[in-house]
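Below, each chain spelled out in residue letters.
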Amino acid sequence: MKIHEYQARELLAQFNIPVPPAQVADSPDTAADAYDKLAVNGASLAVVKAQVHAGGRGKAGGVKLVRSTTEARDAAQTILSKPLVTHQTGPQGVVVRKLLVAAGVDIAREYYLGLAVDRASGRPVLIASSQGGVEIETVAADNPQAIFREPVSPTTGLQPFQARKVAFRLGFLGKQVSQAARIMIQLADLFLKTDASLAEINPLIVTPATDEHPDGQVLAIDAKLNFDDNALARHPDLAQLADPDEQDPAEARAKQYGLSYIKLDGAIGCLVNGAGLAMATMDLIKLHGQEPANFLDVGGSASEQAVTEAFRIILADANVTGVLVNIFGGIAKCDIIANAIVAAAREVGFKVPLVIRLEGTHVELAREIIEKAKPSLPTLQISTDLTDAAQKITAAVA
Ligand code: GDP
Ligand code: MN
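In this report, we go over the structure that sits alongside the text. Everything numeric here is computed off the predicted structure, so don't read it as measured data.

## What about the overall build of the chain?
Summing up its helical and strand segments, the chain has 13 helices and 16 strands in all. Expressed as a percentage of its 398 residues, the buried residues of the chain come to 49%. Pairs at least 24 residues apart make up 69% of the contacts formed inside the chain by residues separated by at least 6 positions. Total accessible area on the chain stands at roughly 18700 Å², and carbon and sulfur atoms take up 52% of it. Between the centroid of the 37 positive side chains of the chain and the centroid of its 45 negative side chains there is a distance of 2 Å.

Here is the structure:
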């Protein structure tokens, strides 16, 4: 689950990571008000930031520095007036509904800090770089020696000696070292306590030296947190932070019916029970020269209602020119699933080719049911094995 930057900043603050003050706005006027409130403390620089579940906003015009109420209002107007297209959104972009107006800071240096799960070592890892402000993927590709990795114990967290080591490697000096190390330890703590799958501060910055802060201040000015969906039951407070506006409507609907659905760009809709079988089905479609339109796991029990909804979701995708159903009847018996498929297919109505492959318990009964339903489902083809199914559906849409 993803959350917005403004929500992530609040969590950072709860974990005592220093973040400049900020306010949420949803219109040019509320952005202007937010600027005025922040400017009360004498600051004139602020930053107006699009709140969307996509990165790369800065380069795309979704982050604007402003120095007056009028500039804040104009920046808000500009950002809200059109979808934001970043390298992560696709060409259609995403609608901007909310803004963050944050106190602006002067930046001497930008760094990257992130926590993720390292699958190779099976534990969290702190990733840090002095090349902040740009995408970490770009740094990893162009300048991999500028990235430092430090394993994090899932039970005891990031140890102070580890954090100091990373802070020195990043080139922090004087009092910055302890500030940066503390932020790393706190971010690791947040990552573990919230069951996060990703926690990023990009950029972590150092402000220029001033009389008040001769060593500069280390601050987080952007934050990205993703949480493990499977752990959300333990965090009802975090689950509430989900923004339905940011979810793909089809994916949100699928979730309501207990379906795991991810939309993809191809033409062949897939209805499969079991995540592994779904992956294998998608592989086979690709092997036969077509692209899957989705990943869809209807789950082990695959009720008629869930299958009906799955067909609806698949057929609502305008790219879909054919549907492949691949079910292995294990816990749920094939005949029950076949009845569900036939009833659902009739209810939804098929104009595009439909290929069904069933295998497993009561498969003979199931084939009879589907055979009988053929007259009312003219686009239906039955196949016995998976390769035959993939060949039939790719031929039917070619
Ligand atoms: P992202 O592009 O979506 O990751 O958005 P960020 O919040 O990281 O902002 C992008 C860039 O805008 C940062 O890397 C900074 O260079 C700049 N920026 C953001 N906030 C401030 C600020 O308060 N002061 C200054 N000087 N630059 C800022
Ligand atoms: Mn950023």
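## Notes on the coordination of the manganese ion (ligand 2)
The coordination sphere of the manganese ion (ligand 2) contains the protein donors Asn202 (O) and Asp222 (OD), at a distance range of 2.1 to 2.2 Å. Taken together, the positions of asparagine 202 in strand 8 (residues 196–206) and aspartate 222 in the loop between strand 9 (218–220) and strand 10 (224–227) put the pair 20 residues apart, joining distant regions of the chain. The buried category is assigned to asparagine 202, whose relative accessible area is 15%.

## Let's talk about the nonpolar core
For soluble globular proteins, nonpolar side chains are generally found buried alongside one another. Counting residues in hydrophobic clusters, the biggest one holds 42 residues, and the most contacted among them are Leu12, Leu113, Phe172, Met184, Ile201 and Phe227. The set of elements that each furnish at least two residues to this core consists of helix 1 (5–14), strand 5 (109–118), strand 6 (123–129), helix 5 (160–169), helix 6 (175–193), strand 8, strand 9 and strand 10. The next biggest cluster of nonpolar side chains, apart from the first, holds 39 residues, and it includes Leu259, Ala293, Val320 and Leu358.

## A closer look at the packing of aromatic side chains
This model, assessed by the stated rule, comprises 2 aromatic pairs. Summarising the aromatic geometry, the rings of tyrosine 111 and phenylalanine 172 are spaced 4.2 Å apart at their centres and angled 25 degrees between planes, so their arrangement reads as stacked. Of this pair, tyrosine 111 sits in strand 5 while phenylalanine 172 sits in the loop between helix 5 and helix 6, placing them 61 residues apart in sequence. Phenylalanine 172 carries the same exposure label as tyrosine 111, and that label is buried. A ring pair is formed by phenylalanine 311 and phenylalanine 350, whose centres lie 5.1 Å apart and whose planes are at 90 degrees; its orientation type is edge-to-face. Of this pair, phenylalanine 311 sits in helix 10 (residues 304–315) while phenylalanine 350 sits in the loop between helix 11 (334–348) and strand 15 (354–360), and the two are 39 residues apart along the sequence. Across the pair, exposure class does not vary: phenylalanine 311 and phenylalanine 350 are buried alike.

## Remarks on the packing of helix 11 against helix 12 (residues 363–373)
Axis angle and axis distance: for two packed helices, these are the angle between their axes and the distance between the axes, and together they describe the pair. Where helix 11 meets helix 12, the axes come as close as 7 Å, and the angle between the chain directions of the two elements is 20 degrees. By the criterion of interaxial angle, the relationship of helix 11 to helix 12 is roughly parallel. Relative to helix 12, the crossing made by helix 11 is right-handed. Where helix 11 approaches helix 12, its residues Cys334, Asp335, Ala338, Asn339, Val342 and Arg346 are matched on the opposing element by Val363, Leu365, Ala366, Ile369, Ile370 and Ala373. The class makeup of the residues in the contact of helix 11 with helix 12 is 9 nonpolar, 1 polar and 2 charged.

## Quick look at the environment of valine 272
Here valine 272 is to be found in strand 12 (residues 268–272). Along the backbone, valine 272 and leucine 296 are 24 residues apart, and their C-alpha atoms lie at a distance of 6.1 Å. Excluding residues within four positions of it along the chain, valine 272 makes contact with Leu277, Ala278, Thr281, Leu296, Asp297, Val298, Asn326 and Ile327.

## Considerations on the sheet that holds strand 2 (residues 46–51)
If you walk across this open sheet you meet the 4 strands as 1-4-2-3, and the pairing is antiparallel. Lying at the two open borders of the sheet, with one neighbouring strand each, are strand 1 (22–25) and strand 3 (63–66). Each strand of the sheet is rotated relative to its neighbour by a mean of 20 degrees, with strand direction disregarded. With 6 bridges connecting them, strand 2 and strand 4 (residues 98–103) associate as antiparallel partners. Residue pairing for strand 4: lysine 49 is matched across the bridge by leucine 100. Sitting on the sheet, helix 1 is in contact with strand 1, strand 2 and strand 4, with an inclination near 45 degrees to strand 4. Set on the sheet, helix 2 (residues 28–39) makes contact with strand 1, strand 2, strand 3 and strand 4; between it and strand 4 the angle comes to about 15 degrees.

## Some details on the environment of alanine 344
Counting through the fold element by element, alanine 344 comes out in helix 11. In this structure, the C-alpha to C-alpha distance between alanine 344 and alanine 310, residues 34 residues apart in sequence, is 9.0 Å. Those residues in contact with alanine 344 that sit more than four places away from it in its chain are Glu304, Val307, Thr308 and Phe311.

Reading the values: the criteria
Chains are numbered independently. Their residues run from 1 in the order of the written sequence. The lettering of chains begins at A and the numbering of ligands begins at 1, in the order of writing. Per-residue local features of the predicted model are confined to residues with pLDDT of at least 70, and side-chain atom pairs are confined, for both listing and counting, to 80 or more; whole-chain, interface and lining totals are unaffected and use all residues. Hydrogens and water molecules were not included; the side-chain quantities draw on all heavy atoms of the structure. Runs of H or I in DSSP of at least four residues are treated as helices and runs of E of at least two as strands, each being numbered from the N terminus. When a residue's accessible area, from a 1.4 Å probe over protein chains only, is under 20% of the maximum for its type it is buried; when over 50% it is exposed; and in between it is partly exposed. In what follows, residue pairs with any heavy atoms lying within 4.5 Å of each other are defined as contacts. Only the protein chains shown count as covering a residue, and every accessible area follows the Shrake-Rupley method with a 1.4 Å probe. Counting rule applied: Lys, Arg positive; Asp, Glu negative; His and chain ends not counted. Taken as the charge centre is NZ of Lys, CZ of Arg, CG of Asp or CD of Glu, depending on the residue. Each metal's donors are the N, O and S atoms found within 2.8 Å of it, except that Na, K and Ca use a 3.2 Å limit; water is left out, so coordination can look incomplete. Put simply, buried Ala, Val, Leu, Ile, Met, Phe, Trp, Tyr and Cys residues joined by side-chain atoms within 4.5 Å make one nonpolar core. Planes of paired rings set the category: under 30 degrees apart is stacked, over 60 is edge-to-face and the rest tilted, where pairs are Phe, Tyr or Trp rings (Trp by its six-membered ring) whose centres lie within 6.5 Å. Under this scheme, a helix contributes an axis fitted over its contacting stretch, all axes are lines through C-alpha atoms, and angles between N-to-C directions fall in the 0 to 180 degree range. For this classification, under 35 degrees means roughly parallel, over 145 means roughly antiparallel, 65 to 115 means roughly perpendicular, and everything else is oblique. Helix crossings are classified by the rotation of the near helix relative to the far one: an anticlockwise turn of less than a right angle makes the crossing left-handed, while a clockwise turn makes it right-handed. Note on residue categories: nonpolar means Ala, Val, Leu, Ile, Met, Phe, Trp, Tyr, Cys or Pro, charged means Asp, Glu, Lys or Arg, and polar means any other residue, Gly included. Two strands are said to pair when DSSP picks up at least two bridges between them.

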